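If you want the building blocks of each chain, they are given just below.
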Amino acid sequence: MPPTDTILFALAIVALIAEGMTAALAAGRRKMDWFGVAMLGAITALGGGTTRDVLLGHYPLWWVKEPWLLALTGGAALLTIAVARVVHRLRLMFLLLDAIGLVVFTIIGCTIALAMNQSLPIVIVAGMVTGCVGGVLRDVLCNDVPLLFRSELYASVSVVTGAIYVTGRSLDLDRDWVTLGAVAVGLTFRLLAIRYRWEMPKFVYDKEMH
Amino acid sequence: MPPTDTILFALAIVALIAEGMTAALAAGRRKMDWFGVAMLGAITALGGGTTRDVLLGHYPLWWVKEPWLLALTGGAALLTIAVARVVHRLRLMFLLLDAIGLVVFTIIGCTIALAMNQSLPIVIVAGMVTGCVGGVLRDVLCNDVPLLFRSELYASVSVVTGAIYVTGRSLDLDRDWVTLGAVAVGLTFRLLAIRYRWEMPKFVYDKEMH
Amino acid sequence: MPPTDTILFALAIVALIAEGMTAALAAGRRKMDWFGVAMLGAITALGGGTTRDVLLGHYPLWWVKEPWLLALTGGAALLTIAVARVVHRLRLMFLLLDAIGLVVFTIIGCTIALAMNQSLPIVIVAGMVTGCVGGVLRDVLCNDVPLLFRSELYASVSVVTGAIYVTGRSLDLDRDWVTLGAVAVGLTFRLLAIRYRWEMPKFVYDKEMH
């Protein structure tokens, strides 16, 4: 593997663990049992990439080839039960890890779609699906309206990250620098959005259609 | 393209726009942000055909081949934010467009399944999935029990439309007339169902199983 | 078909009917109309196997090859409307049929993944998805937090059943005896879990992350 791939892979593992752990907290709020916690952790962490691959017809899925990913993400969720009190105090670290996850998953999704020779808009969509859909599945299974559709800049960060990465790659720039640039901009954007509570304007409509 | 295909294609574009716009109103009721509105619009408009293709293993998906469909449907949803007040007054037009969408999506779904040489029941199911599943995804993402399972005749209209189309095609009748007949009967059926509030009987059960 | 296959097939049919009928009761609690009842029955009964096949890229789906399965499961759900009062009195029989369904679906899922030469962990996951996901879809469409993630031992029974089956098969033991053993242990485990209200410990967490 070239060095960027090694770093991306290491960051992806960190991000999978972080996603599994935040999913566990959502499961705890719904009083799920331990098995449910592990399942929600695995679905949240791996659901974005799974959805991308099903939509693109890209088989076999990553966790089918590498079943230890299920143990990693489910195990991270279970571990969270033991350390839940500390987790709360580590809130800032989790927001950072989640931001890393968003950016790294997005770039991995783009890489896979590029390798399939998809068109540029679809490459960006593949990145966004990889980065964002896991959280949507978590919210649907917890019976919430997905946070993604309502909250601070999240999908937008994914689109910007993907657009930078895709532009750099299609200009044939050095892959390592393109990855580094996309990660840096995406991460900065997301952290600024959290810090200053940047939000998209909301659409509020309260008339009934039927 | 033969004339029927051109007309079906034009009606499908109108229907995609209408589905994106009605999804935007649902998003507004949940106070989603602009990005959420666009995503819900695209998912609602394209989700039925996507589900059909995933279930039948029919790749690549339509919007993967034609990414401008994402811009069309997401853009229609965003436009709705600007014109929401007028939209409310245009309620009747929207019900008509939605009915056209249901019937046209159903026929397109049947056409694709027929081209895959699926059995007749599966052709009808493919039509129903194409016509109805987008709205189910919209309702699940808005945290509602899908309207499809509870409300006026909608899935039934899709099944009747599909059955007429499939019967005509398997009798080797002229394809243009079959399409026209299925559209006419389906649309009339749906509009009468809205006008006279035709409903299926409901099943009400209030004992706990566990 | 060897005798075990015939018995498994017969049990699967019984289980599909049972799943369609219990789904109908859930639909009745949400006041769905008759069409919604039939659809929820078919989705619940066939959704686990469908999800497994989509995740593994195993086409065509079972009900696409055998569309009468849609009529069987949807019909069983509709029949439930007529016999709902009796169903309530037959509560114990339903719990038994549901337990048979869980165990039989699990083994069928394992068999299919084994025939695809999947790794052992994925075979067990394929069994669990086949046995459990139908109920998750039912709960999501009824706008509930999936029971699977919260309630008595259910997914665990599926994992134990799958693990026994897979171990036996990979030791090259006689297939009929392996199937019988897995069914016996899984069924006993599930019925004891119901009888003695065995539960996983729950994870309760009530702090907000954001």
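Our structure is the block above this text.
Everything numeric here is computed off the predicted structure, so don't read it as measured data.

Calculation criteria
Residues numbered from 1 in each chain as written. Chains lettered and ligands numbered in written order. Predicted model: local features only at pLDDT ≥ 70, side-chain atom pairs only at ≥ 80, totals over all residues. Heavy atoms only, no water. Contact = heavy atoms within 4.5 Å. Buried area = accessible area lost by both parts, 1.4 Å probe. Salt bridge = Lys/Arg side-chain N within 4 Å of Asp/Glu carboxyl O. Polar contact = N/O pair within 3.5 Å; in protein donor to acceptor, adjacent residues only side chain to side chain. Helix = DSSP H or I, 4+ residues; strand = E, 2+ residues; numbered from the N terminus. Least-squares fit on C-alpha atoms with pLDDT ≥ 70 in both. Buried < 20%, exposed > 50% of the residue type's maximum accessible area, 1.4 Å probe, protein only. Core = buried A, V, L, I, M, F, W, Y, C linked by side-chain atoms within 4.5 Å. Phe/Tyr/Trp six-rings, centres within 6.5 Å; stacked < 30°, edge-to-face > 60°. Lys NZ or Arg CZ within 6 Å of the ring centre and 35° of its normal. Nonpolar A, V, L, I, M, F, W, Y, C, P; charged D, E, K, R; others polar. Axes fitted to C-alpha atoms, helices over the stretch in contact; angles between N-to-C directions. Parallel < 35°, antiparallel > 145°, perpendicular 65-115°, else oblique. Left-handed = near helix turned anticlockwise from the far one by under 90°. Expected span 1.5 Å × (residues − 1). Bend = angle between axes of the 7 residues up to and from the residue. Disulfide = S-S within 2.5 Å.

K.L.:
Lay out the interface of chain A and chain C in plain terms, naming residues and giving numbers.
P.N.:
How big an interface is tends to be stated in terms of the accessible area lost upon association of its parts. On the side of chain C, 35 residues touch chain A, which itself brings 37 residues to the contact. Summed over both sides, the interface of chain A with chain C buries roughly 3200 Å², with 72% coming from carbon and sulfur. Linking chain A to chain C there are zero salt bridges. Across the contact surface, chain A and chain C share six residue pairs in polar contact (both at pLDDT 80 or more). Looking at the side of chain A that touches chain C, the elements with two or more residues in it are helix 1 (3-29), helix 2 (34-56), helix 3 (62-65), helix 4 (68-89), helix 5 (91-115) and helix 6 (120-141) of chain A. With nine residues, helix 2 of chain A is the single largest residue contributor to the side of chain A that touches chain C.

K.L.:
Describe the relation of the copies chain A and chain C, naming the residues involved and giving the relevant values.
P.N.:
Superposition of the two copies of the chain requires a rotation about an axis and a shift along the axis. The two copies are related by a screw motion: chain A maps onto chain C through a turn of 120° and a shift of 0.0 Å along the axis, at an RMSD of 0.0 Å. Accordingly, the operation relating the two chain copies is best matched by a three-fold axis. Of the C-alpha atoms belonging to chain A, the one lying closest to the rotation axis is found on Asn 143 of chain A, 3.8 Å away. The overlap is low: 11% of the interface residues of chain A also sit at the interface in chain C, so different surfaces are used on the two sides.

K.L.:
A description of the environment of Leu 192 of chain C should follow, citing residues and the corresponding values.
P.N.:
Residue and element names in this part refer to chain C. As for its placement among the helices and strands, Leu 192 is situated in helix 8 (residues 175-195). A relative accessible area of 33% places Leu 192 in the partly exposed class. The sequence separation of Leu 192 and Leu 153 amounts to 39 residues, and the corresponding C-alpha distance is 9.7 Å. Discounting residues that sit within four places of it in the chain, Leu 192 has contacts with Arg 197 and Trp 198.

K.L.:
Could you give an account of the relation of the copies chain A and chain B, naming the residues involved and the relevant values?
P.N.:
You can overlay chain A on chain B at an RMSD of 0.0 Å; the transform is a turn of 120° with a shift of 0.0 Å along its axis. Residue by residue, only 11% of the interface of chain A is reproduced at the interface of chain B, so the copies engage with different surfaces.

K.L.:
Go over the nonpolar core, please, and point to the residues and values.
P.N.:
Of all hydrophobic cores here, the largest spans 199 residues; its most connected members are Trp 63 of chain B together with Trp 63 of chain C. Counting residues per element, this core draws most heavily on helix 6 of chain A, which supplies twelve residues. Not counting residues up to four positions away in its chain, the partners in contact with Trp 63 of chain C are Leu 55, Ile 122 and Val 125 of chain B together with Leu 46, Thr 50, Leu 69 and Leu 70 of chain C.

K.L.:
Describe in detail the packing of aromatic side chains, supporting the description with residues and values.
P.N.:
All names here are of chain A. Under the counting rule described, the total for this entry stands at nine aromatic pairs over all chains. Arranged with centres 6.0 Å apart and planes meeting at 35°, the rings of Phe 203 and Tyr 205 form a pair that is tilted. By relative accessible area, which is 5% here, Tyr 205 ends up buried. In this structure an aromatic cluster arises from ring pairing among Phe 189, Tyr 196 and Trp 198. We note Arg 195 situated over the ring of Tyr 196; from NZ or CZ to the ring centre the distance is 5.0 Å.

K.L.:
A description of the interface of chain A and chain B should follow, citing residues and the corresponding values.
P.N.:
On the chain B side, the residues contacting the 35 residues of chain A number 37 residues. Across the interface of chain A and chain B, roughly 3200 Å² is buried in total on both sides, 72% from carbon and sulfur atoms. Across the contact surface, chain A and chain B share zero salt bridges. Secondary-structure elements contributing two or more residues to the side of chain A that touches chain B are helix 2, helix 6 and helix 7 (155-170) of chain A. Its residues assigned to classes, the side of chain A that touches chain B shows 22 nonpolar, seven polar and six charged.

K.L.:
Now, about the packing of helix 5 of chain A against helix 7 of chain A: what can you tell me, with residues and values included?
P.N.:
Residues and elements named next belong to chain A. For the pair helix 5 and helix 7, the least separation of the axes is 9 Å and the interaxial angle reads 45°. Classified by the angle their axes make, helix 5 and helix 7 are oblique. Both helix 5 and helix 7 take part in a crossing whose hand is right-handed. Residues Leu 102, Val 103, Thr 106, Ile 107, Cys 110, Thr 111 and Leu 114 of helix 5 touch helix 7, and the partners they reach there are Val 157, Ser 158, Thr 161, Gly 162, Tyr 165, Val 166 and Arg 169. For the contact of helix 5 with helix 7, the per-class residue count stands at eight nonpolar, five polar and one charged.

K.L.:
Now, about helix 2 of chain A: what can you tell me, with residues and values included?
P.N.:
Residue and element names in this part refer to chain A. Here helix 2 is 23 residues long and its end C-alpha atoms lie 33 Å apart, about the 33 Å a rise of 1.5 Å per residue gives. Gly 47 marks where helix 2 bends most, by close to 50°. Positive phi shows up at Gly 57, right after helix 2, with a value of about 65°.

K.L.:
Any details on the state of the cysteines? Residues and values, ideally.
P.N.:
In the structure shown here, the tally under the stated rule is zero disulfides over all chains. No disulfide involves Cys 132 of chain B; its sulfur sits 11 Å from that of Cys 110 of chain B, the nearest cysteine.

K.L.:
Explain the pattern of salt bridges to me, and be specific about the residues and the numbers.
P.N.:
Residue and element names in this part refer to chain A. Counted under the stated rule, the structure contains twelve salt bridges over all chains. For Asp 144, the salt bridge goes to Arg 30, with nearest N and O atoms at 2.6 Å. Of this pair, Asp 144 sits in the loop between helix 6 and helix 7 while Arg 30 sits in the loop between helix 1 and helix 2, and the two are 114 residues apart along the sequence. Relative accessible area serves as the criterion here: at 30%, Asp 144 is assigned to the partly exposed category.

K.L.:
Could you give an account of the packing of helix 2 (residues 34-56) of chain C against helix 6 (residues 120-141) of chain C, with specific residues and numbers?
P.N.:
All names here are of chain C. Axis separation between helix 2 and helix 6 bottoms out at 7 Å; the angle between their running directions is 140°. Here the hand of the crossing between helix 2 and helix 6 comes out right-handed. Contact with helix 2, carried on its side by Leu 40, Ile 43, Thr 44, Gly 47, Gly 48, Gly 49, Thr 51, Arg 52 and Leu 56, involves Ile 122, Ala 126, Val 129, Thr 130, Val 133, Gly 134, Gly 135, Leu 137, Arg 138 and Leu 141 of helix 6 and no other residues of that element.

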